[in-house]
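Close look at the chain arrangement
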Amino acid sequence: MNGSRIAAVGHYQPAKVLTNEDLAGLVDTSDEWIKSRVGIRTRHIAGPDEPVDELAGHAAAKALAAAGLAPADIDLVLVATSTAVDRSPNMAARVAHRLGIPSPAAMDVNVVCAGFTHALATADHAVRAGAATRALVIGADKMSEVTDWTDRTTCVLVGDGAGAAVVEAAAPGEEPGIGPVLWGSVPEMGHAVRIEGTPARFAQEGQSVYRWATTRLPAIARGACERAGLTPEELAAVVLHQANLRIIEPLAQKIGAVNAVVARDVVDSGNTSAASIPLAFSKLVERGEIGTGDPVLLFGFGGNLSYAGQVVRCP
């Protein structure tokens, strides 16, 4: 196979917006405190009648429409999420049902904040191997459902949403539009980001994550560029996991992508976990900040202290 490419992207966020001023009425915090520490101004919050598969379905439908495809054209559905409530049916099967996709392989990928880039690599591998023709790759999370809204260290961070990409085989003679993935993890530090317990609650060791992200990850991200045969200076955009502006900005600087647009969707959306990269990427495409064929580094990191990154060509 020639490789694969992203044919189109789409995103979706719930209508309800929660501001820093709103949060100041719930916990001991302020707009100034939140912006100075994490850079977030607003986040979108799903209602009790908006499950994760609904968020995912809206984003996926937009990506399908942008690609000019019908649900029957898809034979693989991958949903990256860590906020599924039920074990079965999985989110991928529920999204396939919502969209009317007739008989796809349907799998969930739980690598928390690095879930989308793991799922994108999996779709790329499946298409390259001839196991799939066209795939829907979705990152969707409802972080508000696993958040302790009395804990000011975590409740100020999170938001809900979904982003999606349609992946298909590159045309004969066309350069692959999804570069080789560079992925891995630090299992012994998996406790640094957690969603566990009954009921499940999000918790993290913020300083440990900050040090790891800003010191260990720049070299790994540059390695993803090397695997794609590019230097960081050639990137048109960098879309990192939207965890915290104080992580995104120094990490982007240390990667050396001096000519790139750096996605800062965390300011308006908060940390949406697996949704954050496709959400931010889709917005850059929608706003025309990057053009067709532009090289973009997608780099996810976080839960399990996992990471995965690849250079893709903008649809």
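Criteria and cut-off values
Residue positions are given per chain, counting from 1 as you read along its sequence in written order. For a predicted model such as this one, the threshold for reporting local features is a pLDDT of at least 70, and the threshold for listing and counting side-chain atom pairs is 80 or more; totals across whole chains, interfaces and linings nevertheless cover every residue. Only hydrogens and water are set aside when side-chain values are computed; all heavy atoms of the structure are taken into account. The salt bridge definition used is simple: a Lys or Arg side-chain nitrogen within 4 Å of an Asp or Glu carboxyl oxygen. For the purposes of this entry, the term helix denotes a DSSP run of H or I that reaches at least four residues, the term strand denotes a run of E that reaches at least two, and both are numbered from the N terminus. We call two residues in contact whenever any of their non-hydrogen atoms come within 4.5 Å of each other. Only when DSSP finds a minimum of two bridges between them are two strands counted as paired. Interaxial angles span 0 to 180 degrees and are taken between N-to-C directions of axes, which are lines fitted to C-alpha atoms, for helices over the stretch in contact.

Below, the discussion takes up the pattern of salt bridges. The full count for this structure, using the stated rule, is 14 salt bridges. The closest approach of N and O atoms between Arg194 and Glu196, which form a salt bridge, is 3.2 Å. In this structure, a network of salt bridges that share partners links the residues Arg5, Arg134 and Glu168.

Tracing the backbone shows Ser306 in strand β14 (residues 306–313). Not counting residues up to four positions away in its chain, the partners in contact with Ser306 are Val111, Ala114, His118, Gly184, Ser185, Trp212, Gly300 and Phe301.

Before going further, it helps to spend a moment on the sheet that holds strand β6 (residues 134–142). Strand order across the open sheet formed by five strands is β1-β7-β6-β4-β5, with mixed pairing between neighbours. Two strands bound the open sheet, and with one partner strand each, they are β1 (4–12) and β5 (105–109). The mean inter-strand angle of the sheet, taken between neighbouring strand axes irrespective of direction, is 15 degrees. Of the strand pairs in this sheet, β1 and strand β7 (residues 160–169) are connected by eight bridges, and their pairing is antiparallel. The residue bridging Val9 from the neighbouring strand is Ala165, located in β7. The sheet contacts of helix α3 (residues 52–67) involve β1, β6 and β7, and relative to β1 the element is tilted by about 130 degrees. Relative to strand β4 (residues 76–80), helix α5 (residues 115–129) is tilted by about 160 degrees, and along the sheet it contacts β1, β4, β5, β6 and β7.

Take it as geometry only, folks, not as evidence of what the structure does.
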